[in-house]
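What follows is each chain in one-letter form.
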Amino acid sequence: MSEKLTAKDFASDQDIRWCPGCGDFAILKQTQMVLAKTGANSDKTVFISGIGCSSRFPYYMNTYGMHSIHGRATAIATGLKKTRPDLDVWIVTGDGDALSIGGNHLIHLLRRDIDVNVLLFNNEIYGLTKGQYSPTSKQNLITKSSPFGNDTKPFNTLSLVLGAGATFVARSIDREAKHLQNMLIETKNHEGASFLEIYQNCHIFNDGTFENYTDKALQKRNTLFLEDEKPLIFGENEELGIKFDGLTPIVVNRADVSDNDLWIHDSKDKIKANILCSVVDIDEKFPKLFGVIYENKLAKQKKEKLSVSNKEYLNSVIRGNNYWSI
């Protein structure tokens, strides 16, 4: 029986070259802890990254890994997983790497539901190239490449991946260690393509962009940590809730309604997940969402059934009596 590994066993001997205070440190630490906690085998674990600050991640893991090319980590991981389904394959990418240069590869990986774990570090900026606006940068943000303000709207990342067919969609943030660890475990446990967006502060080029969700004085009003079968409530004293008015979600004072009337979270409901991503998450009158937004656990079973069916068909072709002479 092999000895159980600790978080330190998953740390490599390489010097970490992220800027002091970077949110990537917290994600690295929690990932190493999760691998130890879940009994992962370092010889069967692979981290593949593209290009960007986050993509130095494989160097710091005592597992197999590849620091690949810009936007192509998803394509390389797809090939690896298809040829070595026994491996636990993780993709580490950033908002520029995954949503700009690699956007096309990402949506097709999710559509194909390849059984890999995608960790998207979203700092809403190109950090490695010194501070240009990225596909998730807020509108009007002044950067080195947008001196008069970013005039483009940011991607709605969660709606994009949900629309691409992701069977697991979740979000966490670097400053919430316990929540991040739980989300990494959920991501690892899902069978199929798992997508976890992690808000990560870049204190050099976009410092404080997530302050509304991390500052203790602001957090309770501006965040909602989703839990299955629990009502959507938030506020300094949990005095606010979200309910449906017809098909439209609205914010209500809990003193004015029964808790039975509030929206109860169900991560299996894709219609509600679409409303969460396309309405609630992008409207400033609602809090920002964290947690598992959508998970389809049945997708894997359907794929296995289809795979068996295809295998039987292939066998019948190989062993059949039909042949042609030319």
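The preceding data block contains the structure.
Just so you know, these numbers come straight off a predicted model, no measurement behind them.

Caption draft 1: Just helix α1 (residues 24-37), in detail. Between its terminal C-alpha atoms α1 stretches 20 Å, which fits the 20 Å expected from 14 residues at 1.5 Å a residue. If you check which residues of α1 are buried, you get Asp24, Ile27, Leu28, Gln30, Thr31, Gln32, Val34, Leu35 and Ala36. Here the buried face of α1 lies against β1 (45-49), β3 (88-94), β4 (117-122), α6 (177-189) and β6 (194-199). In the segment just after α1, glycine 39 is the residue with positive phi, at about 70°.

Caption draft 2: Region of interest: the nonpolar core. With 40 residues, the main nonpolar core has Leu106, Leu109, Leu110, Ile242, Leu276 and Ile293 as its most contacted residues. Sort the elements by how many residues they give to this core and helix α9 (residues 270-280) lands first, with five residues. If we skip the residues at most four places from it in the chain, leucine 276 touches Leu226, Leu232, Trp263, His265, Asp281, Leu289 and Ile293. Ala40, Phe57, Leu119 and Leu184 belong to the second largest nonpolar core, which has 26 residues in total.

Caption draft 3: Molecular detail of the environment of isoleucine 275. Turning to its location among the elements, isoleucine 275 is positioned in helix α9. Judged by relative accessible area, which is 16%, isoleucine 275 ranks as buried. Sequence-wise, isoleucine 275 and asparagine 150 are 125 residues apart; in three dimensions their C-alpha atoms are separated by 27 Å. Leaving out residues up to four positions away in the same chain, isoleucine 275 has contacts with Phe244, Leu247, Pro249, Trp263 and Val280.

Caption draft 4: Fine view of empty space enclosed by the protein. On inspection of all chains with the given rule, the structure shows one cavity of 30 Å³ or more. The calculated volume of the largest cavity comes to roughly 40 Å³. Within the residue set of the lining of the largest cavity, elements represented by two or more residues are α2 (73-83), β3 and α3 (95-101). Classifying every residue of the lining of the largest cavity gives three nonpolar, four polar and one charged.

Caption draft 5: Representation of the pairing of strand β9 (residues 240-245) in the model. As judged from the two bridges shared by strand β8 (residues 233-234) and β9, these two strands associate in the antiparallel manner. Bridging across to β9, isoleucine 233 finds its partner in glycine 241. Between the antiparallel neighbours β8 and β9 lie five residues, among them glycine 235 with a positive phi of about 110°. Pairing between β9 and strand β10 (residues 248-253): six bridges, direction antiparallel.

Caption draft 6: Up close: the packing of aromatic side chains. Considering all chains together, one arrives at 13 aromatic pairs under this definition. Ring centres of tyrosine 199 and phenylalanine 290 lie 5.8 Å apart, and the angle between their planes is 85°; on these two criteria the pair is classed as edge-to-face. Placement of tyrosine 199 in strand β6 and of phenylalanine 290 in strand β11 (residues 288-295) is noted, with a sequence separation of 91 residues between them. For the pair tyrosine 199 and phenylalanine 290, one class covers both residues: buried. For the cation-ring pair, arginine 171 lies above phenylalanine 290, with the distance from its terminal atom to the ring centre recorded as 5.8 Å.

Caption draft 7: Here's a closer look at the layout of surface pockets. When its volume is computed, the largest pocket comes out at roughly 690 Å³. A total of three residues in the lining of the largest pocket trace back to one element, the largest contributor, which is helix α7 (residues 211-214). Of the residues contributing to the lining of the largest pocket, the split by class is 10 nonpolar, nine polar and 10 charged. What the second largest pocket holds in volume is close to 450 Å³. Lining the second largest pocket are 29 residues, and of these Gly52, Cys53, Ser54, Gly127 and Leu128 lie nearest its centre. Counting only elements with at least two residues in the lining of the second largest pocket, the list comes to β3 and α3. No other element matches the three residues that α3 contributes to the lining of the second largest pocket. In terms of residue class, the lining of the second largest pocket is made up of 12 nonpolar, 11 polar and six charged.

Scoring rules and cut-offs
- Residues numbered from 1 in each chain as written.
- Predicted model: local features only at pLDDT ≥ 70, side-chain atom pairs only at ≥ 80, totals over all residues.
- Heavy atoms only, no water.
- Helix = DSSP H or I, 4+ residues; strand = E, 2+ residues; numbered from the N terminus.
- Expected span 1.5 Å × (residues − 1).
- Buried < 20%, exposed > 50% of the residue type's maximum accessible area, 1.4 Å probe, protein only.
- Contact = heavy atoms within 4.5 Å.
- Core = buried A, V, L, I, M, F, W, Y, C linked by side-chain atoms within 4.5 Å.
- 1 Å grid on protein atoms, 1.4 Å probe; cavity = no way out; pocket = protein on both sides within 12 Å on 5 of 7 lines; lining within 4 Å.
- Points joined across faces, edges and corners; volume = space filled by probe spheres on them.
- Nonpolar A, V, L, I, M, F, W, Y, C, P; charged D, E, K, R; others polar.
- Pairing = 2+ DSSP bridges.
- Phe/Tyr/Trp six-rings, centres within 6.5 Å; stacked < 30°, edge-to-face > 60°.
- Lys NZ or Arg CZ within 6 Å of the ring centre and 35° of its normal.

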